[in-house]
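Here's the letter readout for the chains.
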Amino acid sequence: MNDSELMQACTLAPYWWDDAPRPRLPQAVLPPTVDVAVVGAGYTGLHAALQTARGGRSTLVFDAEDAGWGCSSRNGGQISTSIKPGFDQLARRHGKQRAFDILREGQRSLAWIGEFIRCEQIDCDFGQVGRFHAAHNAAQYTALAARLAAQPKGLEVDAFLVPRAQQRQELGSDLYWGGVVYQQHCSVHPARYHQGLLERVLAAGAQVAARCAVQGVTRDGSSFLLSTAQGQVRARDVVIATNGYTGSLTPWLQRRVIPIGSYMIATEPLPDGLMDRLFPTNRIVSDTRKVVYYYRPSPDRRRIIFGGRVSHQETDPRVSGPKLHAALVRLFPELHNTPISHSWCGFVAYTFDELMHLGKHEGLFYAMGYCGAGVGTSSYFGMRLGQQVLGLSEGKTALDGLPFQTRPLYSGNPWFLAPSVAYYRMRDSLPV
Ligand SMILES: Cc1cc2nc3c(=O)[nH]c(=O)nc-3n(C[C@H](O)[C@H](O)[C@H](O)COP(=O)(O)OP(=O)(O)OC[C@H]3O[C@@H](n4cnc5c(N)ncnc54)[C@H](O)[C@@H]3O)c2cc1C
């Protein structure tokens, strides 16, 4: 099948929006004053808003687009502990105790999101399916095995090794060199999760002003003035929850996050029986490449949702679709003639130390920088940030007060991205 045949009936929007269309909230009448204004209506902003609204503070959430238009309805719906650096790396930087506490916080976020969805009874195909994390070469398999054998005390996770000879029990591909199953990792329908969260935020009394970009935030005495095309709002506290879409509204934050495009496709429904051969255990999957591929069955197990990065520069979903398909076919040659039904992308936020950051700068609360793995952590840290706005001691986290680094001359345009991706791709292609 050539590229145009592959893409013939392809929608350039997230697959998830078929099931959970973008909420067309009525245009909000902006109140002159609120206790809390939140900029960004993704998981971070909505979880912060849920806390402040339930805590009795009048809360107004802005989004430049429809609520959830950003990563929070575009992601792969894979949930892990999501702290990228390992214990040794963190210990070198921050000492052993802080390293331990940061990694525990990641584990807490994974446990907490499951508990939240259960308690709130959000219908979003959440399940503890486990992750198969595949080694892309023999050296990576050895490294995975060594890491599993030397888990720091008190941070052990439920996981088991899958040697290459048994790989087909997990995944219908011979491309990898075995891997590890992390049993606690989960999957979710990301847009239905966002929709359920939005409904609870509205039910808690918060207002959501969609399609209403905040164009300026200035301090005025003990409060802030937020300006939009629809008027000004005064807020005692402001939460910035813009992650990969952080712009010139907050230049200090813009200099600290690196927006990177992440690309996904959904396939047309697979022939009967094929999904059971390719994903016999229904796990989410990722691999050890630095330029990672991540994929899973759709909740109804009819399609594969496949994501990754396809080019050094940012590109168009019309271009990324066939490239992702080619990567999918390298894994599963039997999908050669399976067309793509959806192709889309979104912007995640990386940071220079590969950790998320939350706190307060010049009076503005912020949480962002989940480095591409934020379904659980943006929910959890958004919730903690909301508690911090309320002044609650349980809002404290192990990441509070970590220096949020930038680099000289970096202003938010990642000119170094293309050479970095090229370098990592070259490294991923080496046998060790
Ligand atoms: C394709 C893709 C796949 C992913 N897969 C996974 C995955 O499988 N697992 C995982 O853990 N993570 C994944 N992620 C990352 C995860 O989705 C994000 O980390 C998380 O959703 C971040 O949530 P957020 O609320 O902080 O930001 P977002 O959901 O991006 O929300 C930010 C919002 O801010 C708004 N905004 C920006 N500026 C303004 C302004 N001036 N005024 C008003 N509003 C503004 C934007 O319109 C946007 O809606 C993926 C991301 C992408 C793009």
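Use the structure listed above.
Residues numbered from 1 in each chain as written. Predicted model: local features only at pLDDT ≥ 70, side-chain atom pairs only at ≥ 80, totals over all residues. Heavy atoms only, no water.

Chemist: Tell me what's going on with the packing of aromatic side chains, and back it up with residues and numbers.
Modeler: Across all of its chains, the model carries 16 aromatic pairs by this definition. Clustering of aromatic rings is evident, with ring pairs tying together Phe279, Tyr293, Tyr295, Phe306 and Phe332. Positioned over the ring face of tryptophan 69 is arginine 74, at 4.9 Å from the centre of the ring. Above the face of the tryptophan 177 ring, arginine 164 is positioned so that its terminal group lies 4.0 Å from the ring centre. (Phe/Tyr/Trp six-rings, centres within 6.5 Å; stacked < 30°, edge-to-face > 60°. Lys NZ or Arg CZ within 6 Å of the ring centre and 35° of its normal.)

Chemist: Let's hear about the pattern of salt bridges: which residues, and what values?
Modeler: Scanning all chains against the criterion turns up 20 salt bridges. A salt bridge links glutamate 170 to arginine 283, with the shortest nitrogen-to-oxygen separation between them at 2.7 Å. With glutamate 170 in the loop between strand S5 (159-162) and strand S6 (179-182) and arginine 283 in the loop between helix H9 (274-278) and strand S13 (284-287), the pair connects residues that are 113 residues apart, well separated along the chain. The class of glutamate 170 is buried, set by a relative accessible area of 7%. A salt bridge links arginine 301 to aspartate 276; its shortest N-O distance comes to 2.9 Å. A residue pair is termed long-range when its members are at least 10 positions apart, and arginine 301 in the loop between strand S14 (293-297) and strand S15 (304-308) and aspartate 276 in helix H9 qualify at 25 residues. Overall, arginine 301 belongs to the partly exposed group, its relative accessible area being 22%. Through salt bridges that share partners, Asp19, Asp123, Asp125 and Arg192 make up one connected network. (Salt bridge = Lys/Arg side-chain N within 4 Å of Asp/Glu carboxyl O. Helix = DSSP H or I, 4+ residues; strand = E, 2+ residues; numbered from the N terminus. Buried < 20%, exposed > 50% of the residue type's maximum accessible area, 1.4 Å probe, protein only.)

Chemist: So, helix H11 (residues 375-389): which residues are in play, and what are the values?
Modeler: Since one α-helical turn is 3.6 residues long, residues separated by three or four positions face the same way. Compared with an ideal rise of 1.5 Å per residue, which puts 15 residues at 21 Å, H11 spans 21 Å between its outermost C-alpha atoms and is within 8% of the ideal. Along H11, 15 of the 15 residues are buried, which leaves the element largely enclosed by surrounding structure. Glycine 391 sits one or two positions beyond H11 and adopts a positive phi of about 75°. (Expected span 1.5 Å × (residues − 1).)

Chemist: Give a description of the sheet that holds S14 that names residues and reports values.
Modeler: Spatial strand order, S5-S6-S4-S13-S14-S15-S12-S16: eight strands in an open sheet with mixed pairing. This sheet does not close on itself; its edge strands, each paired only once, are S5 and strand S16 (340-350). Going from strand to strand, the sheet's axes swing by 20° on average, the running direction of each strand aside. Sheet topology places strand S12 (residues 258-267) next to S15; four bridges connect them, and they run antiparallel. Directly across from alanine 266, in S15, lies its bridge partner isoleucine 305. In this fold helix H6 (residues 138-149) packs onto strand S4 (131-134), S5 and S6, with an angle of close to 150° to the strand it touches most, S5. (Pairing = 2+ DSSP bridges. Axes fitted to C-alpha atoms, helices over the stretch in contact; angles between N-to-C directions. Contact = heavy atoms within 4.5 Å.)

Chemist: With reference to specific residues and values, describe the site of the ligand.
Modeler: Lining the immediate environment of the ligand, one finds 36 residues, of which Thr44, Asp63, Ser72, Gln78 and Val375 sit closest. Glycine 77 is positioned such that a nitrogen or oxygen atom in its backbone is 3.4 Å from an oxygen atom of the ligand. One nitrogen or oxygen atom from the main chain of valine 375 is found 2.8 Å from an oxygen atom belonging to the ligand. Compared with its free state, where it exposes 1000 Å², the ligand has 96% of that area covered by protein. For the shell around the ligand, the elements supplying multiple residues, two or more each, are helix H3 (43-54), S12, S16 and H11. Along the lines of polarity and charge, the residues of the shell around the ligand split into 17 nonpolar, 16 polar and three charged. (Near = heavy atom within 4 Å. Polar contact = N/O pair within 3.5 Å; in protein donor to acceptor, adjacent residues only side chain to side chain. Areas by Shrake-Rupley, 256 points an atom, 1.4 Å probe, with all protein chains shown as cover. Nonpolar A, V, L, I, M, F, W, Y, C, P; charged D, E, K, R; others polar.)

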